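What the coordinates show
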Amino acid sequence: MGTGIGYGSASVVDGKLYFSNGSSEVYALDAETGDESWRYRSDGRVVSSSSPTVTDEAVFVGIDDVLLALDPETGDEKWSAATEGGSIECSPTLIDGNVVVRAEKVYARDTVTGAVDWSVEIGNDSHTPPVAGDETVYLAGDDSIHAIRTEDGSRSWSVDVECAWKSTPTVSEDHVFVVGEDEELHALRADTGSETWSVEIGEVMRTSPAVANGTIFISRSEWTSNELYAIDTDSGEVEWRFSDSSEPFSSAAVVGETVLVGQGGRLYAVDAVTGREEWSVELRGSVSLPAVADETVFVESNDRYLYALETGSRAES
């Protein structure tokens, strides 16, 4: 389906597919048929690398320096709130009844009213979204990782780790996994920030770790070598590596025992245990992080199309 799509990841909730086109529009489509349910047009710019964040009550999306709450059924605006400075360059995050959004400051706003619960300044790396943990939100700063209490916005801990460009930390159980500019993957304790282990993986840009079934999946991007790594969460040992061409991989999505990842214009399904390719399909442009719902894979591409494919096959619609 052609909709003037940007280069982000769609959100799939209750049979609807929500995404932005990277300029001024937010869409809701029927996930089964691709029919348009509604379209919201704004006077500002929706960041193409972010994704709408969706609840039963609202679709949250940043447009320039304004956070919007849209009705998920109609696309009508429920409320809007401006930041005190800077554009919203990444996806909002939901935690403990608040929507947390990042600009020059990090704001926690009530999901119903939009009122500010708390705000905090942690540095100017506004391209990586807040990451929700247990009563804590984790944020990558200019040269450090911060754990912020969701109750009042106070700081629990900070650790000096300079995150790789546009790589978002990932939280799983009792650890935070973050890729540093030192080309290492770091496992930090979620409660204290102390490091459990680190492993060298090479340069990472624009991709973030995904964690499932005791394994971290992370894409490495270098000029001459691009690989998808599987790394044990407990030990940091590399379980396998997958590579098929010299083009960079997208971030990975995990469905059961299958890892879905884009590389250039091709989408791969890789066995999560062995690292062997299960299937792949060629699309018409560089693909984004896949989103999965009801055995269907949804992929945005920079050819300005949205693709829906059946998991386990090469079917396309």
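On a predicted model such as this, the values are computed, not experimentally measured, just so you know. (Residues numbered from 1 in each chain as written. Predicted model: local features only at pLDDT ≥ 70, side-chain atom pairs only at ≥ 80, totals over all residues. Heavy atoms only, no water.)

**Regarding the overall build of the protein chain**
The helix and strand tally for the protein chain stands at 0 helices and 31 strands. Going through the 317 residues of the protein chain one by one, you find that 56% of them count as buried. Pairs at least 24 apart in sequence give 37% of the contacts found in the protein chain among residues at least 6 apart. Surface accessibility of the protein chain: about 13400 Å² in total, with carbon and sulfur atoms responsible for 40%. (Helix = DSSP H or I, 4+ residues; strand = E, 2+ residues; numbered from the N terminus. Buried < 20%, exposed > 50% of the residue type's maximum accessible area, 1.4 Å probe, protein only. Contact = heavy atoms within 4.5 Å. Areas by Shrake-Rupley, 256 points an atom, 1.4 Å probe, with all protein chains shown as cover.)

**Remarks on the sheet that holds strand β23 (residues 226–232)**
Judged by pairing direction, the sheet is antiparallel, and its 4 strands sit side by side in the order β21-β22-β23-β24 without closing on themselves. At either end of the open sheet lies a strand with only one pairing partner, and these are β21 (210–212) and β24 (238–242). Sheet twist, expressed as the mean angle between neighbouring strand axes with direction ignored, is 25 degrees. Sheet analysis places β21 next to strand β22 (residues 215–221), joined by 3 bridges and oriented antiparallel. For A210, the partnering residue across the bridge sits in β22 and is F217. (Pairing = 2+ DSSP bridges. Axes fitted to C-alpha atoms, helices over the stretch in contact; angles between N-to-C directions.)

**A look at the sheet that holds strand β5 (residues 53–54)**
Pairing in this open sheet of 4 strands is antiparallel, and the strands run β5-β6-β7-β8 from one edge to the other. Either end of the sheet is taken by a strand with one partner, and the two such strands are β5 and β8 (77–82).

**Here we look at the packing of aromatic side chains**
According to the stated counting rule, one finds 9 aromatic pairs in the structure shown. Centre to centre, the rings of F19 and Y27 are 5.1 Å apart; their planes meet at 10 degrees, and the pair counts as stacked. The exposure classification of F19 matches that of Y27, with both residues buried. The structure contains a cluster of three or more aromatic residues connected by ring pairs, namely F242, F249 and Y268. (Phe/Tyr/Trp six-rings, centres within 6.5 Å; stacked < 30°, edge-to-face > 60°.)

**What to know about the environment of D56**
Considering the arrangement of structural elements, one finds D56 in the loop between β5 and β6 (59–63). On a C-alpha basis, the gap between D56 and P72 in space is 7.2 Å, while along the polypeptide they are 16 residues apart. Each residue touching D56, except ones within four places of it in the same chain, is listed here: D14 and P72.

**Description of the pattern of salt bridges**
Evaluated as defined, the whole model comprises 7 salt bridges. Put simply, E36 and R39 hold a salt bridge, and the shortest N to O gap is 2.9 Å. The class of E36 is partly exposed, set by a relative accessible area of 39%. We note a salt bridge from E282 to R266, for which the minimum N-O separation is 2.9 Å. (Salt bridge = Lys/Arg side-chain N within 4 Å of Asp/Glu carboxyl O.)

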